[in-house]
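Residues per chain are reported as follows:
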Number of protein chains: 2
Amino acid sequence: MDRRTSGPSSGAALLFLTDEQLRQGIEAMFFAYRGFTADPDRILADMAYGRAHHRAIHFIGRAPDTTVNNLLNILGVTKQSLNRVLRTLIADGLVESKVGRKDKRERHLTLTQAGRALEQTLSDAQRARMRTAFREAGPDAVAGFRTVLEAMMDTEMRASYSRLKDTTT
Amino acid sequence: MDRRTSGPSSGAALLFLTDEQLRQGIEAMFFAYRGFTADPDRILADMAYGRAHHRAIHFIGRAPDTTVNNLLNILGVTKQSLNRVLRTLIADGLVESKVGRKDKRERHLTLTQAGRALEQTLSDAQRARMRTAFREAGPDAVAGFRTVLEAMMDTEMRASYSRLKDTTT
DNA sequence: GATATTATGTCAGTGTTGTTGACACTCCAA
DNA sequence: TTGGAGTGTCAACAACACTGACATAATATC
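Residues numbered from 1 in each chain as written. Chains lettered and ligands numbered in written order. Predicted model: local features only at pLDDT ≥ 70, side-chain atom pairs only at ≥ 80, totals over all residues. Heavy atoms only, no water.

### Focus on the overall build of chain A
Item 1. Secondary structure assignment for chain A yields seven helices and five strands.
Item 2. On C-alpha atoms alone, chain A measures out to a radius of gyration of 20 Å, which is more than a quarter above the 15 Å that the 2.2 N^0.38 rule sets for 169 residues.
Item 3. In terms of its C-alpha atoms, chain A occupies a principal-axis envelope of roughly 65 × 35 × 30 Å.
Item 4. Out of the 169 residues in chain A, the part that is buried amounts to 46%. (Helix = DSSP H or I, 4+ residues; strand = E, 2+ residues; numbered from the N terminus. Rg over C-alpha atoms; globule rule 2.2 N^0.38 Å. Buried < 20%, exposed > 50% of the residue type's maximum accessible area, 1.4 Å probe, protein only.)

### So, the packing of aromatic side chains
Item 1. Evaluation of the coordinates by the stated rule reveals 13 aromatic pairs over all chains.
Item 2. Where F59 of chain A meets F31 of chain B, the ring centres are 5.9 Å apart and the plane angle is 45°; that geometry is what we call tilted. Highlighted residues: F59 of chain A in helix α2 (residues 51–62) and F31 of chain B in helix α1 (residues 19–46), drawn from two different chains.
Item 3. Look at F59 of chain A and you get buried, because its relative accessible area is 3%.
Item 4. Arranged with centres 5.6 Å apart and planes meeting at 70°, the rings of F134 of chain A and F145 of chain A form a pair that is edge-to-face. Taken together, the residues span a long stretch of sequence, with F134 of chain A in helix α5 (residues 113–137) and F145 of chain A in helix α6 (residues 139–152) at a distance of eleven residues.
Item 5. For F134 of chain A, a relative accessible area of 0% translates into the label buried.
Item 6. A relative accessible area of 0% means that F145 of chain A is categorised as buried. (Phe/Tyr/Trp six-rings, centres within 6.5 Å; stacked < 30°, edge-to-face > 60°.)

### Quick notes on the interface of chain A and chain B
Item 1. Each partner contributes to the interface: chain A provides 61 residues, whereas chain B provides 64 residues.
Item 2. Across the chain A to chain B interface the summed buried area is about 6,700 Å²; carbon plus sulfur atoms make up 69%.
Item 3. Together, R23, I26 and F31 of chain A form the three largest contributors to the area buried by chain A at its contact with chain B, with a combined 10%.
Item 4. Applying the counting criterion to the chain A and chain B interface returns 16 residue pairs in polar contact (both at pLDDT 80 or more). (Contact = heavy atoms within 4.5 Å. Buried area = accessible area lost by both parts, 1.4 Å probe. Polar contact = N/O pair within 3.5 Å; in protein donor to acceptor, adjacent residues only side chain to side chain.)

### Some thoughts on the pattern of salt bridges
Item 1. By the definition in use, this model includes 24 salt bridges over all chains.
Item 2. Across the pair E20 of chain B and R62 of chain A runs a salt bridge whose closest N-O atoms are separated by 3.0 Å. Of this pair, E20 of chain B sits in helix α1 while R62 of chain A sits in helix α2, on two different chains.
Item 3. A salt bridge links R105 of chain B to D103 of chain B, with the shortest nitrogen-to-oxygen separation between them at 2.9 Å. (Salt bridge = Lys/Arg side-chain N within 4 Å of Asp/Glu carboxyl O.)

### Some thoughts on the protein's contact with DNA strand C
Item 1. In the vicinity of DNA strand C, 24 residues are found, and the nearest of them are R51, R55 and K104 of chain A together with K79 and R105 of chain B.
Item 2. The sugar and phosphate moieties of DNA strand C supply 58% of its atoms located within 4 Å of the protein.
Item 3. Note that a phosphate oxygen of DNA strand C is positioned 3.5 Å from one of the backbone N or O atoms of R107 of chain B.
Item 4. Of all the secondary structure elements, the ones that give two or more residues to the surface near DNA strand C are α2 and α4 (79–91) of chain A together with α3 (68–75) and α4 (79–91) of chain B.
Item 5. Each residue belonging to the surface near DNA strand C can be placed in one class, and the counts come to four nonpolar, nine polar and eleven charged. (Near = heavy atom within 4 Å. Nonpolar A, V, L, I, M, F, W, Y, C, P; charged D, E, K, R; others polar.)

### Comments concerning the protein's contact with DNA strand D
Item 1. In the region of DNA strand D, 24 residues are neighbours, and N69, K79, N83 and R107 of chain A together with R55 of chain B sit closest.
Item 2. Those atoms of DNA strand D that come within 4 Å of the protein belong to sugar or phosphate at a rate of 56%.
Item 3. Contact distances for DNA strand D include 3.2 Å between a phosphate oxygen and a backbone N or O atom of R51 of chain B.
Item 4. Within the backbone of K104 of chain B, an N or O atom sits 3.2 Å from a phosphate oxygen of DNA strand D.
Item 5. Elements supplying a minimum of two residues to the surface near DNA strand D: α3 (68–75) and α4 of chain A together with α2 (51–62) and α4 of chain B.

### Structural notes on the packing of α6 of chain A against helix α5 (residues 113–137) of chain B
Item 1. Running from amino to carboxyl end, α6 of chain A crosses α5 of chain B at an angle of 135°, the nearest separation of the two axes being 8 Å. For the element pair α6 of chain A / α5 of chain B, the angle class is oblique. The handedness of the crossing between α6 of chain A and α5 of chain B comes out as right-handed. In this structure, α6 of chain A uses T147, V148, A151 and M152 of chain A to contact α5 of chain B, whose residues at the interface are R129, M130, A133, F134, E136 and A137 of chain B.
Item 2. Across the contact of α6 of chain A with α5 of chain B, the residue classes break down as seven nonpolar, one polar and two charged. (Axes fitted to C-alpha atoms, helices over the stretch in contact; angles between N-to-C directions. Parallel < 35°, antiparallel > 145°, perpendicular 65-115°, else oblique. Left-handed = near helix turned anticlockwise from the far one by under 90°.)

What follows is the structure, encoded as structure tokens:
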């Protein structure tokens, strides 16, 4: 049963992948994601916030002055769900919402000083883990990691990801 | 400071990682995980089940005859939370719970035929995406992907992961 | 044999985060 | 000016996590 290499798919030799290999990939993803969120989760548990708040803070910090709709597309939740989170963040003075100058229907979101401070705390924790993992794995592994993750995204998510990647560089 | 000579984990030369690179890793992880769960989520949405059921089914299928406690450790949730899920799965005839022969306090969990069928459906969808991503990325990238994910896990999670990886060959 | 510990299950209550449905306001274009 | 698209809010509900308290049975320990 010599099937390690089959015909070419899009140039390179088609990988033969056993269900077992794929399964390990699935489980790796599951366990790693838990680690990935563990540190911020711990910090947020002490406050009245959760993972949804973290995500909102992250992407507002990443793209200041973003609109609610833009954030909605990135996060992939309903506007009602996001609104609950935004309401508390605004009420607590972490996020500022300004009515759009050009289009008054839009709300432009920005982190306040306090918001930036929390964002820093959260992403420091998350980056620390990411940095350790990247260093342990080495640069080639990191490149592969990113390549596979990008290939695993839905098309629209990949678009959001690339857009963010490019705007900040 | 010559640090080029060390073990594989303290590694080759210490990588210099900008916050921006780490942030991209974080966002890649976020978007990719969404894609990772999207297909099973869609299937489960039509039934009365959610992601929690999927996880339970996956790991029971992976390690048949596992105990509740073992499952608890793997999933990292409370017994109350797991119990709610298991109760419905058992009531619906997807999972069988047998009292332990040696230790009668234990319940050993196994998928029924119907359970295996659902497991197959769910993991077919998830594996299909994983396979496509792996093929697009190529074998080196896949190796790197796994290396980074393993490095990102918590220690106990890495232990669970390795145990599962080894038991199935 | 009495007592403690372990494994499991259950009830009740709570919080976060997702969902629909209904509705109001703003803008733009026909 | 009217209708539709875009945007945001309120209310109600479901899934799934949590804690705490308690029950039961089996096992381990003294």
